Amino acid sequence: RDPVGTTPAATVTVTGAAGQIGYATVFRAAAGALLGPATPVRLRLLEVPQAARAAEGVAMELLDGAFPLLASVDVFDDPAAAFEGSEVGLLIGAKPRSQGMERADLLSANAGIFSVQGRAINDGAADSFRAVVVGNPANTNALIAASHAPDVPAERFTALTRLDHHRAEAQLAIACDVSVNDVDGIAIWGNHSASQYVDLTRATVQGRPAEEVLAERGLDRQWIDDFFIPKVAKRGAEIIRVRGGSSVASAAHAALRHVRTWLRGTDEGRWTSMAVPSTGAHGIPEGVVSSFPVTCSQGGYAIVEPWAVDEFSRARIDRSVAELLAEREAVAELGLLGPRA
Ligand code: NAD
Ligand code: LMR
């Protein structure tokens, strides 16, 4: 048997727990992939009333796994009850896009979910509460949730761009014919959408500048701009086309890694990508939930600075941030922003 936890159990709320990503996430969370092998988990599964029975089925399967780290599992269809005492929120529950849709098309369909959940978090979550929003459009949904939770520090509401980070690592490794373990220093900036900027300016391959290694293979900045960045930024649509549905297991894996890294910390001298409320760093307007390179330690994170953003990068970051600002304006017009906005 694996070791049973040695620290107190933590309460984790998973929304959309009967959905595809939820289903792919909860078993690994119960096996220790979220909080590590020392911490038992109390899972609180939130679903809409129509899917609550299916979530009961997921809970039954979780029990059937006899996971040593699973302290309890409960099902809710009421956000207030689901977030009572919650320490970690995996905000997955939302409609995924289908072929031909852009993530922005989901704005009005999904935004309402996050105002209600933000209020529930404000009223009942633990002081240590942290959230990662997976449901799209993830950055703006995190902004909405934070705006409805004025008593929770805004920086605790983050959104998932770790999947984009992983995709970029994999594509860079393929382009350079190395293992992903040889690749480091990638940064994702801006929105989790086709406008995101995948930054290779600090990336390394086997310790050498990635752009230098790519150039040796005849792949220049033009290739990065015309092929590499769109390959990563449009990977979600490519998966929908090829798999016939939006990404699931890779998204679940990224969400688990996002929280694990946040809690455990990044390795010395390394960073990851997370969408977090901007502090105004790198000229990105304060409060906008944008992806940044971040380091994590002791349960917190910090945007990596100083970082000399060159002209090429600046234009691409600004384009994605402009999209985030437009999304913010759109949800403000829909009356979806709460008291902190
Ligand atoms: P899915 O349709 O399989 O599951 C979504 C689940 O959410 C459903 O079971 C639904 O009943 C539930 N739900 C809806 N509203 C809810 C609410 N108010 N409270 C609780 N549960 C609610 O979809 P999926 O494939 O699991 O995708 C979920 C979301 O994640 C989508 O918005 C998708 O676009 C997004 N996504 C994000 C990323 C990322 O990297 N950020 C990656 C992949 C997918
Ligand atoms: C993804 O990046 O795979 C998800 O955001 C799903 C999508 O709609 O692209």
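Source: prediction; values computed, not measured.

A. Just the site of ligand 2, in detail. Every residue close to ligand 2 is listed here: Pro96, Arg97, Arg103, Asn136, Leu163, Gly236, Ala237, Ile239, Ser246 and Ser247. In terms of residues, the shell around ligand 2 owes the most to one element, helix α9 (residues 235-243), which gives three residues. In terms of residue class, the shell around ligand 2 is made up of four nonpolar, four polar and two charged. Counting the residues that make up the shell around ligand 2, at least three belong to each of domain 1 (10-159) and domain 2 (162-327).

B. Quick peek at the UniProt feature "domain: Lactate/malate dehydrogenase C-terminal" (unreviewed entry) in the protein. The sites that carry the UniProt feature "domain: Lactate/malate dehydrogenase C-terminal" (unreviewed entry) are, in the present numbering, residues 161-332. Between the C-alpha atoms that bound residues 161-332 the distance is 23 Å, and the span itself is 48% helix and 18% strand.

C. Focus on the sheet that holds strand β11 (residues 208-209). Taken in spatial order, the three strands line up as β7-β10-β11 in an open sheet, and their pairing is antiparallel. Edge positions in the sheet fall to β7 (183-184) and β11, since each of these pairs with one other strand and no more. The sheet contact formed by strand β10 (residues 204-205) and β11 spans two bridges and is antiparallel. Looking across to β11, one finds that valine 205 is bridged to arginine 208.

D. Inspection of the nonpolar core at higher detail. Leu43, Val134 and Ala145 are the most contacted members of the largest nonpolar core, which has 100 residues in total. In terms of residue count, the dominant contributor to this core is helix α10 (residues 249-264) (seven residues). Counting residues domain by domain, this core receives three or more from each of domain 1 (10-159) and domain 2 (162-327). Aside from chain neighbours lying at most four places away, what touches alanine 145 is Leu91, Phe114, Gln117, Gly118, Ile121, Ala131, Val133 and Phe157.

E. Structural detail: the site of ligand 1. Gly16, Gly19, Ile21, Gly93 and Ala251 are the nearest of the 29 residues found near ligand 1. Take the shell around ligand 1: its biggest share by element is three residues, from helix α1 (residues 20-30). Partitioning the shell around ligand 1 into residue classes produces 15 nonpolar, 11 polar and three charged. For the shell around ligand 1, the two domains that each supply at least three residues are domain 1 (10-159) and domain 2 (162-327).

F. Structural detail: the UniProt feature "binding site: substrate" (unreviewed entry) in the protein. Taking the numbering used here, the UniProt-annotated feature "binding site: substrate" (unreviewed entry) corresponds to Arg97, Arg103, Asn136 and Arg167. Inspection of the secondary structure puts arginine 97 in the loop between β4 (88-91) and α4 (107-124). Following the sequence through the fold, arginine 167 ends up in helix α6 (residues 162-176). Classification of arginine 167 as buried rests on a count of 24 C-beta atoms within 10 Å. Residues contacting arginine 167, with those up to four places away along its chain left out, are Val232 and Arg235.

G. Structural context of helix α11 (residues 311-333). With 23 residues, α11 extends 33 Å from end C-alpha to end C-alpha; this agrees with the ideal 33 Å at 1.5 Å per step. Considered for burial, the residues of α11 that qualify are Arg316, Ile317, Ser320, Val321, Glu323, Leu324, Glu327, Arg328 and Val331. In this fold, the buried residues of α11 make contact with α4, α5 (138-147), β8 (187-189), β9 (197-199) and β13 (289-297). Backbone geometry just downstream of α11 places glycine 335 in the positive-phi region, at approximately 75°.

H. The packing of α6 against helix α8 (residues 221-233), seen in detail. Packing of α6 against α8 brings their axes to within 9 Å, and their N-to-C directions diverge by 140°. Considering the angle they form, α6 stands oblique to α8. Seen from above, α6 lies across α8 with right-handed handedness. Across from Asp164, Arg167, Ala168, Gln171 and Ala175 in α6, the residues of α8 making contact are Phe228, Lys231 and Val232. Grouping the constituent residues of the contact of α6 with α8 by class yields four nonpolar, one polar and three charged.

I. Molecular detail of the environment of leucine 172. Here leucine 172 is to be found in helix α6. Leucine 172 has contacts with Val183, Ile186, Leu200, Ala203, Val205 and Ala210, leaving out every residue within four places of it along the chain.

J. Focus on unusual backbone geometry. The omega torsion across asparagine 136 and proline 137 is -5°, close enough to zero to call that bond cis. Mapped onto the secondary structure, proline 137 falls in the loop between β5 (130-133) and α5. Residue proline 306 is bonded to the preceding glutamate 305 through a cis peptide linkage, with omega at -10°. Considering the arrangement of structural elements, one finds proline 306 in the loop between β14 (300-303) and α11. At glutamine 206, a residue that is not glycine, the phi angle is positive and equals roughly 50°. Along the chain, glutamine 206 falls in the loop between β10 and β11. Judged by the 13 C-beta atoms lying within 10 Å of it, glutamine 206 is partly exposed. Positioned with a positive phi, glutamine 298 is a non-glycine residue whose angle comes to about 50°. Inspection of the secondary structure assignment puts glutamine 298 in the loop between β13 and β14.

The rules behind the values
In every chain, residue numbers begin from 1 and rise along the written sequence. Think of it this way: whatever chain is written first is A, whatever ligand is written first is 1, and the rest follow in order. Residues qualify for local features only when their pLDDT is at least 70, as the model is predicted, and side-chain atom pairs are given and counted only at 80 or more; totals for whole chains, interfaces and linings, by contrast, use all residues. Near, for a residue, is defined by distance from a backbone-placed C-beta atom to a molecule or strand, with 6 Å as the limit that must not be exceeded. Helix and strand labels come from DSSP, where a helix needs a run of H or I of at least four residues and a strand needs a run of E of at least two; each type is numbered from the N terminus. Under the scheme applied here, ten amino acids are nonpolar (Ala, Val, Leu, Ile, Met, Phe, Trp, Tyr, Cys and Pro), four are charged (Asp, Glu, Lys and Arg), and all others, including Gly, are polar. Segmentation into domains, and thus their bounds, comes from an automatic or database assignment. UniProt positions are given in the numbering used here, feature names are shortened, and annotations may be inferred rather than shown by experiment. Note on pairing: DSSP must find at least two bridges between two strands before they are called paired. By convention the nonpolar core is taken to be a set of buried residues drawn from Ala, Val, Leu, Ile, Met, Phe, Trp, Tyr and Cys and joined through C-beta atoms within 7 Å. Any residue whose C-beta has 12 or fewer other C-beta atoms within 10 Å is treated as exposed, any with 20 or more as buried, and any in between as partly exposed, C-beta atoms being built from the backbone. Here the contact rule is simple: place C-beta atoms from the backbone, and any two residues whose C-beta atoms are within 7 Å are in contact. Here a helix's expected span is defined as the number of its residues, less one, multiplied by 1.5 Å. Between N-to-C directions, angles span 0 to 180 degrees; the directions come from axes that are lines fitted to C-alpha atoms, helices contributing only their stretch in contact. Each angle receives one of four descriptions, namely roughly parallel if under 35 degrees, roughly antiparallel if over 145, roughly perpendicular if within 65 to 115, and oblique otherwise. In this scheme the handedness of a crossing depends on how the near helix is turned from the far one: anticlockwise by less than a right angle means left-handed, clockwise means right-handed.

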